[in-house]
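# A closer look at the structure
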Amino acid sequence: MCVGYCRHQGHSSASHWTQGCLPGHHLCLHEAQSGVCCCCSALRPRYKRLVDNIFPEDPKDGLVKADMEKLTFYAVSAPEKLDRIGSYLAERLSRDVVRHRTGYVLIAMEALDQLLMACHSQSIKPFVESFLHMVAKLLESGEPKLQVLGTNSFVKFANIEEDTPSYHRRYDFFVSRFSAMCHSYHSDPEIRTEIRIAGIRGIQGVVRKTVNDELRATIWEPQHMDKIVPSLLFNMQKIEEADSRIGPPPSPSAADKEENPAVLAENCFRELLGRASFGNMNNAVRPVFAHLDHHKLWDPNEFAVHCFKIIMYSIQAQYSHHVIQEILGHLDACKKDSPRVRAGIIQVLLEAVAIAAKGSIGPTVLEVFNTLLKHLRFSVELEANDLQGGSTGNANLNTSSKDSDEKIVQNAIIQTIGFFGSNLPDYQRSEIMMFIMGKVPVFGTSTHTLDISQLGDLGTRRIQIMLLRSLLMVTSGYKAKTIVTALPGSFLDPLLSPSLMEDYELRQLVLEVMHNLMDRHDNRAKLRGIRIIPDVADLKIKREKICRQDTSFMKKNGQQLYRHIYLGCKEEDNVHKNYELLYTSLALITIELANEEVVIDLIRLAIALQDSAIINEDNLPMFHRCGIMALVAAYLNFVSQMIAVPAFCQHVSKVIEIRTMEAPYFLPEHIFRDKCMLPKSLEKHDKNLYFLTNKIAESLGGSGYSVERLSVPYVPQVTGFLIWTKKHRR
């Protein structure tokens, strides 16, 4: 056998050589591994010889740097050869992968990475195809080390900005493969974590590469988003479960972000959403719902809330209404699910609305309220049906549990409505107030637009309470310049409807809504609690001169307000809170809307209430009669000091002093206290215990008030509503 000189190690012994490709040709042992004939090497293309030279005999020695520099210089000088260099490297790498020569695989990928970083010409496109083919080979292998290696190379490639777009390249395989790696269940926890991190980084690379590419729209297609988003959420969910067991996690360090799949997945998710545009926003959000449904993450919903907070803070502010619309749509789709699932979705909506309210909510305002009110009616209907269809024994327990769950849904809806409404500008809030009031079922009218045909009496009362609670939250903090703006006739008429007086809780809510709209100077907190105030000046009540619009409002609607207060005082189911709210109503009207004429009307109303308690034509219990007397005492004490007429103040103070000594049950501090002793009758009481019309008229007349009307007893005006109320109660 002819023995030659080995250019790799200088071996000349016969044992170092083997048969070549032709008779008389020989291969050294090193070149036999690569299939390169030593005798024919001079005839091989230069790019192949340069590629062969970068591989050492022992892969442990690593890449031959000197030869790598030659190959890089050649590739930069002759970019048209890049595709051939890539094809040849791919051929060698494929063979090494099959033969499990991991060392040579590492060297080949290192060479590819360096060539990618060095070459930025248009000719790099064919080379990239070979590169991606090699990365795909590594990802397909079953060895975690090679999968991680391929991912790292792909990430480096993703960060390279190409000079021209590639109109034929697609990344479908990489999306699928990286998504599968995100769900790795390798038996070794460390390797499993390493593979998952590689999968997340690969997805991040695909997103960056395609978004920067002219064909970036392809990544937003549903078939890709349905793989990418659940893969990220899966890894975020795992750490969320761990955190829920060990308490709130500390802020992750930079190292944790690289080693923690959950943190890396969350960052990737934020980046993905931050790059979403108007047209593809929905494709990125819908897989979130599918993941939460599939893994039953609405109850409990901590992870769902966490996800949508990320979404709302990551997307562009002008797209917030898209996400809210998607949540509303999903709520509609889940209306037959369990109450706790619906409550979980509504709580997520609340968090989304809370964030969107700081920016742009868009055209979805009425849609949000309409959908929420529709689900509120649906929940009340389910609750009413369960109560009507409940039976004894275990069924009763199940009904009670479901009833409690429906209340969770209803409270979540009301909280969302209230928060959303309270963050709207005033012009929109007034529209929402009218919108909600239009939904309140008011008997005897056809103004409400909410279907209550399936609710029954109990369900109707329940929906009235729920809607008024929603209205109460929306009106909280609302400040109108004039009372006409806050309480237009189309709003006030149904609010003061007798059908909303049938229940003490309904009456409380109506009065509280009125207080929100009347109290334009934040005085209500100072009036809290019905009591005899020794010196009203200490409260530092804020008030302004009554404007022409407010005067006009009282001329038009004053009798309606007086009638509501008068009738509200005479209800048999009143409790302490009702009397407190009625007292506050009188005080707020005095502060915000009272000129001299209104003051006289309010005093007439107070005296009429006192007379009704004494005569008792309505056969009220003694507690309620004494409660009315205490309410009148508290209000006359307040109004006498507000108008500061000394003789009037003196008369009121004298009556209160006598009551303190002889009839303490006529004062709020006593009658509303537990175990208060009640009188057997009021007919035998001394007139000195009562506020007398002639004394009040004399005191006010001496200060210039027109007191002729005080001699005319107040009688509530008979209206269509009042007639309807009397018929309804019979």
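Residues numbered from 1 in each chain as written. Predicted model: local features only at pLDDT ≥ 70, side-chain atom pairs only at ≥ 80, totals over all residues. Heavy atoms only, no water.

## A short note on the overall build of the protein chain
What counts is decided by this rule: Where helices and strands are cited, they refer to DSSP runs of H or I of at least four residues and of E of at least two residues respectively, numbered from the N terminus. Relative accessibility decides the category of a residue: with a 1.4 Å probe and only protein chains considered, values under 20% of the type maximum give buried, values over 50% give exposed, and everything between is partly exposed. By the convention used here, residues are in contact when the closest approach between their heavy atoms is within 4.5 Å. Residue exposure ignores everything except the shown protein chains as possible cover, and the areas themselves are Shrake-Rupley values with a 1.4 Å probe.
If you tally the helices and strands in the protein chain, you get 31 helices and two strands. Burial status across the protein chain gives 54% buried among its 730 residues. Contacts spanning at least 24 positions in sequence make up 73% of the contacts within the protein chain whose residues lie at least 6 apart. When the accessible surface of the protein chain is totalled, it reaches about 33100 Å², and 52% of it is carbon and sulfur.

## Concerning the pattern of salt bridges
Side-chain pairing between opposite charges can occur once the charged atoms of the two side chains come close. Just so we agree on the cut-off: We count a salt bridge whenever a side-chain nitrogen from Lys or Arg sits within 4 Å of a carboxyl oxygen from Asp or Glu.
Under the defined criterion, the tally for this structure stands at 25 salt bridges. The closest approach of N and O atoms between Glu-383 and Arg-462, which form a salt bridge, is 3.4 Å. You can see Glu-383 sitting in helix H17 (residues 365–389) and its partner Arg-462 sitting in helix H20 (residues 456–475), a full 79 residues away along the chain. In this structure Arg-462 comes out as buried when scored by relative accessible area, which is 17%. Counted as one network, the salt bridges with shared partners bring together Arg-208, Glu-271 and Arg-275.

## Overview of the environment of Glu-657
Secondary-structure assignment places Glu-657 in helix H28 (residues 646–662). Look at Glu-657 and you get exposed, because its relative accessible area is 56%. Separated by 32 residues in sequence, Glu-657 and Leu-689 have C-alpha atoms that sit 9.0 Å apart.

## Looking at the packing of aromatic side chains
Centre distance and the angle of the planes are the two values used to describe a pair of aromatic rings. Heads up, the rule is: Two rings from Phe, Tyr or Trp (for Trp, the six-membered ring) form a pair when their centres sit within 6.5 Å of each other. Planes less than 30 degrees apart are called stacked, planes more than 60 degrees apart edge-to-face, and all others tilted. Definition used: whenever NZ (Lys) or CZ (Arg) falls within 6 Å of the ring centre and also within 35 degrees of the ring normal, the charge is taken to sit over that ring.
All chains considered together, the criterion is met by 19 aromatic pairs. What links up through ring pairs into an aromatic cluster is the set Phe-154, Phe-157, Tyr-171, Phe-173, Phe-174 and Phe-178. Its guanidinium or amino end placed over the ring of Phe-55, Arg-92 lies 4.0 Å from that ring's centre, counting from NZ or CZ. The side chain of Lys-209 reaches across the aromatic face of Phe-157, ending 4.4 Å from its centre.

## As for the packing of helix H24 (residues 548–569) against helix H26 (residues 596–615)
Note the threshold: Under this scheme, a helix contributes an axis fitted over its contacting stretch, all axes are lines through C-alpha atoms, and angles between N-to-C directions fall in the 0 to 180 degree range. Roughly parallel refers to an angle under 35 degrees, roughly antiparallel to one over 145, roughly perpendicular to one between 65 and 115, and oblique to any angle outside these ranges. Helix crossings fall into two classes, left-handed where the near helix is turned counterclockwise from the far one by less than a right angle and right-handed where it is turned clockwise. Three residue categories are used. Nonpolar comprises Ala, Val, Leu, Ile, Met, Phe, Trp, Tyr, Cys and Pro, charged comprises Asp, Glu, Lys and Arg, and polar comprises the others, including Gly.
Contact pair H24 / H26: the axes reach a minimum separation of 11 Å and the direction vectors enclose 20 degrees. Judged by the angle between their axes, H24 and H26 are roughly parallel. As H24 runs across H26, the sense of the crossing is right-handed. Residues Met-554, Lys-555, Gln-559, Tyr-562, Ile-565, Tyr-566 and Cys-569 of H24 touch H26, and the partners they reach there are Glu-597, Val-598, Asp-601, Leu-602, Leu-605, Ala-608, Leu-609 and Ser-612. A breakdown of the residues in the contact of H24 with H26 according to their chemical character gives 10 nonpolar, two polar and three charged.

## Focus: helix H15 (residues 320–333)
Just so we agree on the cut-off: One less than the residue count of a helix, multiplied by 1.5 Å, gives the span that helix is expected to have.
Counted at 1.5 Å a residue, the expected span for H15 with its 14 residues is 20 Å, and the 20 Å between its end C-alpha atoms agrees. Counting buried positions over the 14 residues of H15 gives 10, a clear majority of the element. Within H15, burial applies to Ser-320, His-321, His-322, Val-323, Ile-324, Glu-326, Ile-327, Leu-328, His-330 and Leu-331.

## Structural notes on the confidence of the model for the protein chain
Interpretation of the predicted coordinates at a detailed level should be avoided for regions scoring low in pLDDT. The condition that has to hold: pLDDT: the predictor's confidence for each residue, scored from 0 to 100.
A residue-level look at the protein chain finds 82% of positions with pLDDT of 70 or above and a mean pLDDT of 82. Considering only residues more than four positions removed or in separate chains, one finds that residues 21–25, a stretch of pLDDT under 50, has nine contacts. Contacts of residues 720–730 to residues separated by more than four positions or lying in other chains number 18 contacts, the stretch itself having pLDDT below 50.

## Considerations on helix H23 (residues 504–518)
For the record, the criterion: For this analysis, a polar contact is any N or O atom pair within 3.5 Å, provided that within protein one partner can donate a hydrogen and the other can accept it, and provided that sequence-adjacent residues contribute only side-chain to side-chain pairs.
When the terminal C-alpha atoms of H23 are compared, their 21 Å separation across 15 residues agrees well with the 21 Å that a helix rising 1.5 Å per residue should span. Extensive coverage of H23 is indicated by the burial of 13 of its 15 residues. With a side-chain oxygen positioned 2.8 Å from the backbone nitrogen of Glu-505, the residue opening H23 is Asp-503.

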